[in-house]
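Reading the structure
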Amino acid sequence: VADSAVKDFILVANDPALDLLNTTPVLGQVPVEQLTSMADVADWLAAAGVLTPGQSRALAGRASSPKHAAAALTAVREFRESLRFVVNAIVLKTAIPPPAVNAVNQALRLAGGFWKIHGQPKAGRFSREFQRRSDTLLSRTLAPIAQAAAALLCDRDVSAIKKCDNPACVLYFYDTSRNRTRRWCSMQTCGNRMKVAAHYRRHHP
Ligand SMILES: [Zn+2]
């Protein structure tokens, strides 16, 4: 059994919810699926900063049932495609599809819970801990992802969400440049390629 090597996740989006969309990049003209197991999902959650490394390890440790792991992986991928519909509509300035928003809301329900206070104060204060109402592999995996999506859509300026200007590239990013002039997922890859292509067109009409 091959050990799940940590993949080269693409973290160029300045936002974990957009980084999630970027887990299906086109590399060398081939569409790639980077989330092929719950181990991948757990690794990605830590790499993208959605979970701490400790939380990610704990999540991977809970994925021992192949059936539950497969269901959680499917749910993450389906959530990603719903979010992609929303983000695509934002970028294209078309109507946001209600079923896609609904899918985000369904996943957010898994994040519901309550605070529990621990029994005795220590050093002058009680401590509290958030308890999920639904504590399953699915909710532990999808809830933080849904919260990241809600943070992108509700706490940030969605007009700064962009798709890479290379038509052959499928990556999204949140433009944090001062004048909102960022055009490429990465200057090293698409930026250079597009500049070289434009240069070639200018000199070889
Ligand atoms: Zn690109």
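It should be noted that the structure appears before, not after, this text.
Residues numbered from 1 in each chain as written. Predicted model: local features only at pLDDT ≥ 70, side-chain atom pairs only at ≥ 80, totals over all residues. Heavy atoms only, no water.

1. Brief notes about the coordination of the zinc ion
Coordination of the zinc ion by the protein involves Cys164 (SG), Cys169 (SG), Cys185 (SG) and Cys190 (SG), with metal-donor separations of 2.3 to 2.4 Å. Mapping the donors of the zinc ion onto the primary sequence yields the spacing C-x4-C-x15-C-x4-C. With Cys169 in the loop between strand 5 (161-163) and strand 6 (172-174) and Cys185 in the loop between strand 6 and helix 7 (187-203), the pair connects residues that are 16 residues apart, well separated along the chain. An identical accessibility class is assigned to Cys169 and Cys185; each is buried. (Donors = N, O, S within 2.8 Å, 3.2 Å for Na, K, Ca; no water. Helix = DSSP H or I, 4+ residues; strand = E, 2+ residues; numbered from the N terminus. Buried < 20%, exposed > 50% of the residue type's maximum accessible area, 1.4 Å probe, protein only.)

2. Examining unusual backbone geometry
Of note, Ala123 is a non-glycine position whose phi angle comes to about 50°, a positive value. For Ala123, a relative accessible area of 86% puts it in the exposed group. Notably, Arg180 is not glycine yet its phi reads approximately 55°, a positive angle. Overall, the relative accessible area of 36% leaves Arg180 in the partly exposed class.

3. Points about the packing of helix 4 (residues 66-92) against helix 5 (residues 98-109)
It is the contact of helix 4 with helix 5, at a shortest axis distance of 8 Å, that shows an interaxial angle of 135°. On the basis of their axis angle, the class for helix 4 and helix 5 is oblique. Along this stretch, helix 4 crosses helix 5, giving a crossing that reads as left-handed. Only Ala100, Val101, Ala103, Val104 and Ala107 of helix 5 make contact with helix 4, whose side of the interface consists of Phe79, Ser82, Phe85 and Val86. Tallied by class, the residues present in the contact of helix 4 with helix 5 amount to 8 nonpolar, 1 polar and no charged. (Axes fitted to C-alpha atoms, helices over the stretch in contact; angles between N-to-C directions. Parallel < 35°, antiparallel > 145°, perpendicular 65-115°, else oblique. Left-handed = near helix turned anticlockwise from the far one by under 90°. Contact = heavy atoms within 4.5 Å. Nonpolar A, V, L, I, M, F, W, Y, C, P; charged D, E, K, R; others polar.)

4. Re the environment of Ala46
Structurally, Ala46 is set in helix 2 (residues 38-47). Classification of Ala46 by relative accessible area gives partly exposed; the value is 26%. When the C-alpha atoms of Ala46 and Gln131 are compared, they prove to be 21 Å apart, with 85 residues separating the residues in sequence.

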